[in-house]
Amino acid sequence: MLHVSNISKTFFPGTINEKKALTNLSLHLTPGDFVTVIGGNGAGKSTLLNSVAGVFPVDRGSILINGNDVTKLPEHARAKFIGRVFQDPMLGTAAGMMIEENLALAMRRGKKPGFSWALPNEQRDYFRKLLKELDLGLENRLFAKVGLLSGGQRQALTLLMATMKKPDLLLLDEHTAALDPRPADKVLTLTEKIVNRDRLTTLMITHNMRDALHYGNRLIMMNNGQIVVDVAGEEKSRLKIADLLELFEKAAGSEFANDAALLG
């Protein structure tokens, strides 16, 4: 489903600020893979996600999504393949528009824009059904402005919008890091439910090792722009934090020194 082959990315090349963010990195996700990504600051996690999303071009290598070579496509052209939820709950939705208007925009992703904003009753009923599954009471607030929602409600809505068209690839960029613990747990539970139900191929960056171990069928750990740990299936399910740290130390040749990732 996702084939990342030998990609590299250097920021500010040839200057004193040169930073090799990704170095000859390859990653393959099969359909339905739910992969969590962990690593310290500067490990390359966000650069990997942004490279796949098309936020900036890679220096070399290739990126294929469901057989489509998107390596040279700009971000907006990749939107028909990708659903994305950002760390900031303010991103991904239009604050000044109503909930139903945001959902209507998500329904039209990848289609040519039209002129009519009138929603048929059956579509409104469909939106209510989707919102009810979130268990946040939003099914009764279709006409509320999104900017009035709490951070947790807004992130849950963004998750719904990113997945309602069942994208080829779902990218989750530390999408609960800005939330308080209770709404973060709610959004993660919703994430797991939606991803498993629809068998969405998913790449989720997290700063929390416990979440990285708990969610998904596969875990990768990055360091210095490379993947240094890659575990899946039963091997992943048996891992504890201490085991993961030991794997990292063996692979990277150094201790993992990011307490924030340990404690979340």
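In the block above lies the structure referred to throughout.
Rules used throughout
Residues numbered from 1 in each chain as written. Predicted model: local features only at pLDDT ≥ 70, side-chain atom pairs only at ≥ 80, totals over all residues. Heavy atoms only, no water. 1 Å grid on protein atoms, 1.4 Å probe; cavity = no way out; pocket = protein on both sides within 12 Å on 5 of 7 lines; lining within 4 Å. Points joined across faces, edges and corners; volume = space filled by probe spheres on them. Nonpolar A, V, L, I, M, F, W, Y, C, P; charged D, E, K, R; others polar. Core = buried A, V, L, I, M, F, W, Y, C linked by side-chain atoms within 4.5 Å. Buried < 20%, exposed > 50% of the residue type's maximum accessible area, 1.4 Å probe, protein only. Helix = DSSP H or I, 4+ residues; strand = E, 2+ residues; numbered from the N terminus. Contact = heavy atoms within 4.5 Å. Expected span 1.5 Å × (residues − 1). Arc of directions from axis to C-beta. Pairing = 2+ DSSP bridges.

1. Brief notes about empty space enclosed by the protein
Per the counting criterion, the structure on display carries one cavity of 30 Å³ or more. Of the volumes computed, that of the largest cavity is approximately 50 Å³. Considering the residues around the largest cavity, the lining is formed by Glu174, His175, Thr176, Ala177, Leu188, Met204, Ile205, Thr206 and His207. Taken together, the residues of the lining of the largest cavity break down into four nonpolar, four polar and one charged.

2. Observations regarding the nonpolar core
One finds Ile99, Leu103, Leu131, Leu134 and Leu157 to be the most contacted residues of the largest nonpolar core, which totals 31 residues. For this core, the element with the most residues is helix α5 (residues 151-163), which contributes six residues. Beyond its immediate sequence surroundings of up to four residues, Leu134 is in contact with Ala156, Leu157, Leu160, Lys186 and Leu190. Counting 26 residues, the second-largest nonpolar core is a separate cluster that includes Ile63, Phe81, Leu169 and Ile205.

3. Concerning unusual backbone geometry
Among all residues save glycine, negative phi is the norm, and among peptide bonds the norm is trans. Despite not being glycine, Phe12 has its phi angle at roughly 50 degrees, a positive value. Relative to the elements of secondary structure, Phe12 occurs in the loop between β1 (2-11) and β2 (19-29). With a relative accessible area of 55%, Phe12 lands in the exposed category. Non-glycine residue Asn66 carries a positive phi angle of around 50 degrees. With respect to the secondary-structure elements, Asn66 resides in the loop between β4 (60-65) and β5 (68-69). Residue Asn66 is classed as partly exposed on the basis of its relative accessible area, which comes to 41%.

4. With respect to helix α6 (residues 181-198)
Over its 18 residues, α6 extends 26 Å from the first C-alpha to the last, a length consistent with the 26 Å expected when each residue adds 1.5 Å. If you check which residues of α6 are buried, you get Ala184, Val187, Leu188, Leu190, Thr191, Ile194, Val195 and Asp198. Buried residues of α6, viewed axially, fall in a sector of 165 degrees; they line one side. The exposed set on the far side of α6, more than 90 degrees from its buried face, consists of Pro181 and Arg182. As for α6, its buried residues are in contact with β3 (34-39), α5, β7 (169-173), β8 (202-205) and α7 (209-214). Of the residues trailing α6, Arg199 is marked for its positive phi of about 50 degrees.

5. Let's talk about the environment of Phe86
Tracing the chain through its elements places Phe86 in the loop between β6 (82-85) and α3 (99-107). Owing to a relative accessible area of 23%, Phe86 belongs among the partly exposed residues under this scheme. Considering only alpha carbons, one finds Phe86 and Leu159, 73 residues apart in sequence, at a separation of 9.3 Å. For Phe86, the contacting residues outside a window of four places in its chain are Leu91, Gly92, Gln155, Asp173 and His175.

6. Focus on the pairing of strand β10 (residues 226-232)
Bridge analysis of strand β9 (residues 218-223) against β10 gives six bridges, and the strand direction is antiparallel. In the sheet register, Leu219 faces β10, and the bridge partner there is Val231. Hairpin remark: β9 followed by β10, antiparallel, with two residues in the connecting loop; positive phi at Asn224, about 50 degrees.

7. Structural notes on the environment of Leu169
Relative to the elements of secondary structure, Leu169 occurs in strand β7. For the pair Leu169 and Leu148, spaced 21 residues apart in sequence, the C-alpha separation works out to 29 Å. Setting aside chain neighbours within four positions, we find Leu169 in contact with Leu2, Leu29, Val52, Ile65, Phe81, Ile82, Gly83 and Thr201.

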